Amino acid sequence: MRASLIQIDVNPYESVNSRRERVGSLIRELRSSDLVVLPELWTVGAFAYELFADEAETLRGTTARAMSEAARDAGIWLHAGSIPERGEDGALYNTSLVFSPDGELAHSYRKIHRFGFDKGEAVLMGAGSDLVTVPLPDLTLGLATCYDLRFPELFRGLVDAGAHAFVIPAGWPERRRAHWTLLARARAVENQAYVLACGTAGTHAGVPQAGHSVVVDPWGEVLAEAGPGEETLTVDLDPAKVFDIREAFPALKDRVL
């Protein structure tokens, strides 16, 4: 199974429409992949709080339609990162979209853990409540977003729901980059699952981004990591490795709590 992560540089001087077109072109160039992953809030920037309300869309909005077309044209599974969603209740959500190779919106996930403590996303956006898994032909994905990475109980729940790999779009800041890699490896080791963590590059509202998107195998080994100026990261995954490691070292079976 071939997976590609697109580490988008969110340039504040680039229009959202232009960025959508650029990203759509990149996705179509990756038609040899089975799965393509985009970062968190790449249309606006994860720290550009003042843009969330103005750029919020529905699950059938402009970004969703563009990503649907790109997935269909490339014939791939597309985790289209997340968008600021305007829900039917009028509230904003940080929502990830997953499209099937025929361009259908197969699944969506509203971020459960909102970052910001008493400001930013934590007060501007509503919280999701549902664990979401996506069955692909060779393995099942568990969905999480950025700050979720710090909450291991979420990933245990996804494993119990059948996940073999976690897809984590993010807008992770450079000043905490060491945590990014450490936590990605920890989630992989403790759950014996692949981790595909796709972050943004560039600067969001004055906050430099970590970049360094990373793919970790179920033993905690880093298979590939993007450099700061590297936009696309592609790696081949062996789905059987999840089952082999879980059988050879059955730590998950020894869970008590």
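So, a few notes on the structure that sits alongside this text. For clarity, every value in this text was computed on a predicted model and none was experimentally measured. (Residues numbered from 1 in each chain as written. Predicted model: local features only at pLDDT ≥ 70, side-chain atom pairs only at ≥ 80, totals over all residues. Heavy atoms only, no water.)

Spatial strand order, S7-S8-S9-S10-S13-S14: six strands in an open sheet with mixed pairing. The outermost strands of the open sheet, each flanked by one partner alone, are strand S7 (133–135) and strand S14 (222–225). When the angles between neighbouring strand axes are averaged without regard to direction, this sheet yields 15 degrees. Pairing of strand S9 (residues 165–170) with strand S10 (residues 194–199) involves six bridges; the strand directions are parallel. In the strand pairing of S10, Ala170 is matched with Gly199. Against the sheet, helix H6 (residues 177–191) engages S9, S10, strand S13 (214–216) and S14, with an angle of about 160 degrees to S10. (Pairing = 2+ DSSP bridges. Helix = DSSP H or I, 4+ residues; strand = E, 2+ residues; numbered from the N terminus. Axes fitted to C-alpha atoms, helices over the stretch in contact; angles between N-to-C directions. Contact = heavy atoms within 4.5 Å.)

Bringing the packing of helix H5 (residues 152–160) against H6 into the picture now. Where H5 contacts H6, the two axes come as close as 11 Å, and the packing angle between them is 40 degrees. As judged from the angle between their axes, H5 and H6 are oblique. The interaxial crossing formed by H5 with H6 has right-handed handedness. Here Pro152, Phe155, Arg156 and Val159 of H5 lie close against H6, whose contacting residues are Arg187, Glu190 and Asn191. Within the contact of H5 with H6, the residues separate by chemical class into three nonpolar, one polar and three charged. (Parallel < 35°, antiparallel > 145°, perpendicular 65-115°, else oblique. Left-handed = near helix turned anticlockwise from the far one by under 90°. Nonpolar A, V, L, I, M, F, W, Y, C, P; charged D, E, K, R; others polar.)

The next subject is the side chain of Arg246. Checked against the element boundaries, Arg246 lands in helix H7 (residues 240–248). Among buried charged residues, Arg246 stands out as having no salt bridge; its nearest opposite-charge side chain is Asp160, 8.6 Å away. Among the polar contacts listed, one links the side chain of Arg246 to the backbone oxygen of Asn191, at a separation of 3.2 Å. (Buried < 20%, exposed > 50% of the residue type's maximum accessible area, 1.4 Å probe, protein only. Lys, Arg positive; Asp, Glu negative; His and termini not counted. Salt bridge = Lys/Arg side-chain N within 4 Å of Asp/Glu carboxyl O. Polar contact = N/O pair within 3.5 Å; in protein donor to acceptor, adjacent residues only side chain to side chain.)

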